[in-house]
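Structural description and commentary
Chain by chain, the residues run as shown.
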Amino acid sequence: MSVLARLSSPSAVVSNGFLPEPGRGQVDVPPRVTLTAGGREFLLTADLSHQGACVAMLPGPTGLDAPPVQATVNEFAGMDGGRLVKSRAASRRIALPLLLWAPSRPELLALKRELVAALVAQREPCVLRVAEADGTARSIRVHYTGGMEGDEGTDASGLTFTRYGLQLTAPDPYWYGDERATVFRIHGAPGFLSHPDGAWSVLLSDTMNNPSAWAGGAGLVLNDKRVSDGQYTRLAADTRAEATTAVPYDGVSLYRLTARVRRSSKARADAQTLASVGLSGAVAGGAPAPGGVRFITAVRRPLTGPEGWVEITGYAQGRDRDGRATDEAEHPMEADPGTMPAGTVAVRPVIQADGTPLDVDHLTLSRLDPASTTGEPHTTPFFPLRIAPSVIGDEGVPVQVTSDVDAWPVWRITGPLGQQDAGQPVIPLRLANRTTGRHLTLAYGIPAGSTVVIDTRPGIKAVYRENTDGTRGENLWPYLVGPVSLWQLAPGENVLALTAAGAAETSSVALTYQPRHLGA
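Residues numbered from 1 in each chain as written. Predicted model: local features only at pLDDT ≥ 70, side-chain atom pairs only at ≥ 80, totals over all residues. Heavy atoms only, no water.

**Some points on the nonpolar core**
- Core analysis: the biggest nonpolar cluster contains 30 residues, and W214, L279, I351, L358 and L363 have the highest contact counts within it.
- Every element with two or more residues in this core is listed here: β12 (198-206), β16 (239-243), β18 (254-263), β19 (273-282), β20 (288-303), β21 (310-319), β23 (346-354) and β24 (358-370).
- Beyond its immediate stretch of four places on either side in the chain, W214 contacts D206, M208, A241, E242, A243, T244, P349, I351 and L363. (Core = buried A, V, L, I, M, F, W, Y, C linked by side-chain atoms within 4.5 Å. Buried < 20%, exposed > 50% of the residue type's maximum accessible area, 1.4 Å probe, protein only. Helix = DSSP H or I, 4+ residues; strand = E, 2+ residues; numbered from the N terminus. Contact = heavy atoms within 4.5 Å.)

**Some points on the packing of aromatic side chains**
- As enumerated under the stated definition, the model contains 3 aromatic pairs in all.
- Ring centres 5.8 Å apart and planes at 65° place the aromatic pair W411 and W487 in the edge-to-face group. Of this pair, W411 sits in strand β26 (residues 410-414) while W487 sits in the loop between β32 (480-481) and β33 (492-499), placing them 76 residues apart in sequence. Across the pair, W487 and W411 agree in class, each one buried. (Phe/Tyr/Trp six-rings, centres within 6.5 Å; stacked < 30°, edge-to-face > 60°.)

**Considerations on the sheet that holds strand β25 (residues 397-401)**
- The 5 strands lie next to each other as β25-β33-β27-β28-β32, forming an open sheet whose pairing is antiparallel. Among the strands making up the open sheet, the edge pair consists of β25 and β32.
- As paired elements, β25 and β33 share 5 bridges and run antiparallel to each other. The residue bridging P398 from the neighbouring strand is V495, located in β33. (Pairing = 2+ DSSP bridges.)

**What about the layout of surface pockets?**
- Estimated volume of the second largest pocket: approximately 490 Å³.
- What lines the second largest pocket is a set of 19 residues, among which R141, D172, Y176, R457 and Q514 lie closest to the centre.
- If you list the elements that add at least two residues to the lining of the second largest pocket, you get β8 (137-146) and β34 (508-513).
- Counting residues per element, the lining of the second largest pocket draws most heavily on β8, which supplies 4 residues.
- Classifying every residue of the lining of the second largest pocket gives 10 nonpolar, 4 polar and 5 charged. (1 Å grid on protein atoms, 1.4 Å probe; cavity = no way out; pocket = protein on both sides within 12 Å on 5 of 7 lines; lining within 4 Å. Points joined across faces, edges and corners; volume = space filled by probe spheres on them. Nonpolar A, V, L, I, M, F, W, Y, C, P; charged D, E, K, R; others polar.)

**A word on helix α2 (residues 105-121)**
- Its 17 residues give α2 an end-to-end C-alpha distance of 23 Å, which sits within 8% of 24 Å, the value for a rise of 1.5 Å per residue.
- Buried within α2 we find L108, L109, L111, K112, L115, A118 and L119.
- Just beyond α2, the residue with positive phi is R123, at close to 55°. (Expected span 1.5 Å × (residues − 1).)

**Some details on the pairing of β8**
- As paired elements, strand β7 (residues 126-131) and β8 share 6 bridges and run antiparallel to each other. Bridging across to β8, V127 finds its partner in R141.
- Linking β7 to β8, which pair antiparallel, is a turn of 5 residues; within it G135 sits at a positive phi near 100°.
- Here β8 runs beside strand β10 (residues 175-177); their pairing, made up of 2 bridges, is antiparallel. Counted as the bridge partner of R138 is G177 from β10.

Right, dumping it as structure tokens:
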């Protein structure tokens, strides 16, 4: 007679396999595996003390770790080997050896029929979940493909037990961690405006798609969906471009200039690209300040590689004392800002290309406003943008993403944001990942109390205004400016920034995402 035929408890075949044994420490406890199908959750790792009908996982499950990788290779003609064209994670197959056991025949039939109906009749995605003893858990969406046809052989089934080799397929091969959420607000913690001494206000932000905003070597505007707003400016070799808009300079506040540049693909291979980015001072009346341009951000910075975008930052504060020598050094640290010439009351950003053509993606000039008497950040309106009363996070805030591969975020942005006085144009909000260099721009004013949802997840990809009952409302895709880039979060640290005018204390940005993992 078969050993399995004499079973009165599942422990006889699983106690030395997947299930916990008495006396084990907490760190040695195997995971709790469940399968949710047809609206019911089935425990696949029944405890030995279970007295009723149960499902136990036998030793030997497969497909729970790394997904299969599909590589496309072009073989070389007439020589050894080939060239990898691309590789991708393919859909995975999971096999689970299961034992269904019950103290009586009717109970076994009820459990078996319910499991078969949930997996096979519904023909909907199921969720396989593996929860560890430390509280962490990972899930994957699967579809039943076979293994429950039944085998009435002596070792496979009996009056009160049956064995299945459950076959599942996961079209999305990644395991998902529990949802993570972060909320950013104007004041309080965590917050985009997190500088201990005040808040950064954007005084001038240019995505380099308007040549009329620059005097001198205005440059050629080109299209590229991989950059900010889908456009950038190419400066000719040995030219200098100066912004036509002057920003007030008080000589007391700390100013920050950030630019994103790269060596142009049109540059000669034997020529060196040198980038210089800084501020040009002006005295009262608009005349140039004596002492010329201060390249606080980059001083003839050498650039290499046609695809090598580099974001460079410099700081300025105060004015030269009479007779002080001009300072042409870079100042990439807040603690060591450069100065402007004596008498400077306004500044204009300047970009200079030496040697070869230079590509410029975006440029932002900000000011650090001191904290108010209440200790909370405040800002002051400056032409040409109305910053009323605040701008969220131009400098960005680091967010640690605990994911093995890219994760797709869902954003819920609550107003007011982007709105101005009646008759004034909407100031677009710009959501950026400084780490990956990806951006999206939404030219839509969000009223107070309203929420806009930007859902980047594959298969969903939606931008809409949320109704008061939480349902999907007005479609906001037409308000996206430039090529659409619903970007993802990279594993590790991501510096995220939302630049938007017209914020109030009720404004907030909620980020949620599920980490994606290679294995359970």
